[in-house]
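Structure assessment
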Amino acid sequence: MAGFLGRLRSALSVRTVARQVFSLQAAIVVLLVVAAVVALVLQSRADSEREARNRSLAVAETFASAPGIEEALAGPDPTAMLQSRAEEARKASGVDFLVVMTTDGIRITHPDPAQIGRHYIGTIGPAAAGGIVRETVTGTLGPSTRAVVPVTDAEGDVIALVSAGVTLEAVSGVVDHQLPLVLGAAAAALAVATFGTALVGRRLRRQTHGLEPAEMTRMYEHHDAVLHAVREGVLILDGDGRLALANDEARRLLGLGPDAEGLLARELGLAPDIARLLASGRSATDEVHLAGDRLLAVNQRPTDPGGGPSGCVTTLRDTTELQAVTGRADVAQERLKLLFDAGLEIGTSLDVERTSQELADFVVPRFADFVTVDLADPVLRGEEPSRGGAAMRRVAFRGIRDDTPLYPPGKLIHFVPSTPQSLGYGSGETVLEADMTAFSGWQAQDPERARRLVEAGIHSMIAAPLRARGVILGVVTFWRSHKPEPFEHDDVTLAEQLAARAAVTIDNARRFTREHTMAVALQRSLLPRALPEQNALDVAHRYLPAEAGSGGVGGDWFDVIPLPGARVALVVGDVVGHGLHAAATMGRLRTAVHNFSALDLSPDELLWRLDELVTRIDQDESGDGDVSPVTGATCLYALYDPGTRLCTMARAGHLEPVIVRPDGSAVFAAVPGGPPLGLSGLPFETAEILLPEGSSLVLYTDGLVEDRARDIDAGLERLRRSLAHPGRTPEQTCSAVLALLPEQPSDDIALVVARTRALDSARTAAWDVASDPSAVGQVRAAVTRTLAEWGLEEEAFTTELILSELVTNAIRYAAEPVRVRLIRDRALICEVSDGSSTAPHLRRAATTDEGGRGLFLVAQFADRWGTRYTAEGKVIWTEQPLPTGTSDNDL
């Protein structure tokens, strides 16, 4: 029992709408069936009682008027005569009793003979008076429904009474016989109603998704609130294309009336394209349609793909304001992209004019129709601009067309104070001239030109100063003509940002120009300004600094150094890196080579000393973190003697030179490679090559053959092929080689081309001197004769004095062999060689000294003198200037 009650409570406490509806409908059906059964039973009982009353009345009246009743009553024994007849009539009529009584109520007949003669229980007065009595009373047979009628004679007098009735038990029996049928029908009706309710509940459960009533109420309230409060129009159309629902926003956007529901889409008075879309029922996503003065974004989807009813739901969103906001956002995004692109396209080089032109090229036509860039003249030279006036040079121009009255590039413009350019340059503030046709003062620069500018359609301008690091470099002016709208304040902000970005790059270019100019000036001052005069080599050279992106100035250098004995040294070197430090290091190395060459050292020894110098420089500067070491510098030293045509070379990490023979064949000189300068510890080796007269010796730095795009071996082979041409002068060779280079080399290039000459035997004389003091006189005589043949008689006395001292010292203090050579070049050269390696020492002799004045006299009479060492000993040489007009510059 407890389990049944629990299941009942569980059934009654269901929460879903479908189950509650089912339970409610089932309860109602049960109640209705019960009520129907009760009503049917009551109605059946009432009908039975009414039928019983009618039947009893009819039976009573029929029996009372039956023939023979009057005679039987008048007879001696009415009971005997009427009892059987009454019973027969009772049974035939289906009543429970039929009683004949006297007018006083004494029973004459009765179904129970024992009751005959007794008094009738019930009302008989009205019947005795000639009326009819109907009543339900409890008699001898129990509660019954009866009727009492009079029996009259021929005169109409009441002579007896007849009562007929049906007991209530008989009536209930009739109802009880009908009750099973009634209950069966009720059960069938209940089953049918329950089944129908179950079907309805199932359908409802599917449609309500098993939701509780509170949830459905809340969903409906929320749905109704959202549907009518949302700022998006919602339309629902049924499968016939009729409007089923429209929220408040949809009515507002489309102007729908209160009776719009139920109308077809074409009957709603909408714009044709929206009406066609609604009537078609097709899917649509963010389609923009015009409804009056509004732009509506329309989305439409059918409702049946998910199992819903046929039709479609349409949403409408007012994008009129959004379109305006989107337009402003698009403009802002476009300007951000403009600034981003400006950072990429402006300032690709460290050149002031090129950067200014990049600004002009970038802006037109994306922001302005014409752009002019005016810079102070000192900026173009890398200097700080002066603030004394508004004189600026136009360095860049770009426009949608060229036929404008604007000043052309290159013109120096003196802006008057009332012009926007002068105001912006002086104050540092951007000046907007929104309506140039008003001629509010900007035309004072050139009224006639201003009038032609306006006639050309230019109607608005912005003058933005180019300010960087607190310095105003110039002014950029944006002009508008093609677009009818004038510049606005938002445009001023964009112009200032463009000018600020460009100003930084222009200032960087200005600073680079200044530093590059200083570095180039330093480097030029450290490189040979002019080649020294000498007759051993015909020399041509080229020097190309690196492009701006690599620092502009590097450490490549070269030199041509005349040496005693008509010899010439050729030097080419390269210091790793770029900039002022590399240029300064190059100058130090070049000076050191000059000093070492004055000692008349061999190439290998000179490089060894230069290597020691670089090592000391690195050690001295190793504590300064801002200074890069010199390690990595390279050098090639070549010494050419025109008398022997012998070229002695050594290299420290440098590329091999190229020898171009007179027949045009070009080969790399087999010079042993040595380590770069500053590595120390490894010796340098020399190579001696005999060069035919007219050969060319080509020295260069790696920038000539090395490139990121190709291997160095390919560059060397390309150089060799370009040199393999006979009959070229050194100048022609330099031009041919440089023609192979790119327009802007990435590294410094130093190139030296030297064509060899041989010393003419007619301009040299040599004598072997015996180790005897008397041989000095013979040498003096031979020298005098030679000078006379050369037309240098005026130099004979000085030359004899110099040779006498040098030969005497060689005979007295040195070892054999002693040899004298006289060379007529750009100067008169005297050489005395011996087999000793002891160098003479110049000293000033005291007054009382008998000797020690020989070298002093030599130094006094000779223009220069010195000592050099050879494998056999040493050579003491002197140079004397030749008289004007007698020097021979051609060997």
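What counts, and at which threshold
Residues numbered from 1 in each chain as written. Predicted model: local features only at pLDDT ≥ 70, side-chain atom pairs only at ≥ 80, totals over all residues. Heavy atoms only, no water. pLDDT = per-residue confidence, 0-100. Contact = heavy atoms within 4.5 Å. 1 Å grid on protein atoms, 1.4 Å probe; cavity = no way out; pocket = protein on both sides within 12 Å on 5 of 7 lines; lining within 4 Å. Points joined across faces, edges and corners; volume = space filled by probe spheres on them. Helix = DSSP H or I, 4+ residues; strand = E, 2+ residues; numbered from the N terminus. Axes fitted to C-alpha atoms, helices over the stretch in contact; angles between N-to-C directions. Parallel < 35°, antiparallel > 145°, perpendicular 65-115°, else oblique. Left-handed = near helix turned anticlockwise from the far one by under 90°. Nonpolar A, V, L, I, M, F, W, Y, C, P; charged D, E, K, R; others polar. Phe/Tyr/Trp six-rings, centres within 6.5 Å; stacked < 30°, edge-to-face > 60°. Buried < 20%, exposed > 50% of the residue type's maximum accessible area, 1.4 Å probe, protein only. Pairing = 2+ DSSP bridges.

Focus on the confidence of the model for the chain
On average, the chain scores 81 in pLDDT, and the residues at 70 or more come to 84%. Across residues 10–14, confidence stays below pLDDT 50; counting only partners more than four residues off in sequence or on other chains, it has four contacts.

Concerning empty space enclosed by the protein
As enumerated under the stated definition, the model contains three cavities of 30 Å³ or more in all. Its volume calculated, the largest cavity comes out at about 180 Å³. As for the largest cavity, its lining consists of 17 residues, of which Tyr 407, Trp 442, Gln 445, Leu 453 and Trp 479 are closest to the centre. When contributions to the lining of the largest cavity are tallied by element, the ones reaching two or more residues are α13 (420–427) and α14 (447–455). If one sorts the elements of the lining of the largest cavity by residue count, α14 sits on top with three residues.

As for the packing of helix α20 (residues 775–789) against helix α21 (residues 796–813)
Packed helices, taken two at a time, are described by their axes: the angle between them and the distance between them. Remark: α20 packs on α21, axes separated minimally by 9 Å, with the N-to-C direction vectors making an angle of 150°. Between α20 and α21, the angle is such that the two are roughly antiparallel. As for how α20 packs across α21, the hand of that crossing is right-handed. Between α20 and α21, the contacting residues are Val 776, Arg 780, Val 783, Thr 784 and Leu 787 on the first element and Ala 796, Thr 799, Glu 800, Leu 803, Ser 804, Val 807, Thr 808 and Ile 811 on the second. Residues of the contact of α20 with α21, tallied by class, amount to seven nonpolar, four polar and two charged.

Examining the packing of aromatic side chains
This structure, assessed with the given rule, holds four aromatic pairs. For the ring pair Phe 367 and Phe 478, a centre distance of 5.3 Å and an interplane angle of 80° mean the geometry is edge-to-face. Highlighted residues: Phe 367 in the loop between α11 (352–363) and β10 (370–376) and Phe 478 in strand β15 (residues 471–480), separated in sequence by 111 residues. Pair check on accessibility: Phe 367 and Phe 478 agree, each one buried. Ring centres of Phe 370 and Phe 397 lie 6.4 Å apart, and the angle between their planes is 20°; this geometry places the pair in the stacked category. Remark: Phe 397 occurs in strand β11 (residues 391–399) and Phe 370 occurs in strand β10; sequence separation between them is 27 residues. One aromatic cluster is present, formed by Phe 367, Phe 478 and Phe 487 through successive ring pairs.

Notes on the sheet that holds strand β25 (residues 749–756)
With antiparallel pairing, five strands are arranged side by side in an open sheet as β16-β25-β24-β21-β22. In this open sheet, the two strands that pair with only one neighbour each are β16 (537–544) and β22 (666–668). Pairs of neighbouring strands in the sheet enclose a mean axial angle of 20°, with direction left out of account. Note: strand β21 (residues 658–660) against strand β24 (residues 696–700), three bridges, orientation antiparallel. Bridging across to β24, Val 660 finds its partner in Ser 696. Contacting β21, β22 and β24, helix α18 (residues 712–723) crosses the sheet at an angle of about 145° to β22. The strands that helix α19 (residues 730–738) touches are β16 and β25; relative to β16, the one it contacts most, it runs at about 25°.

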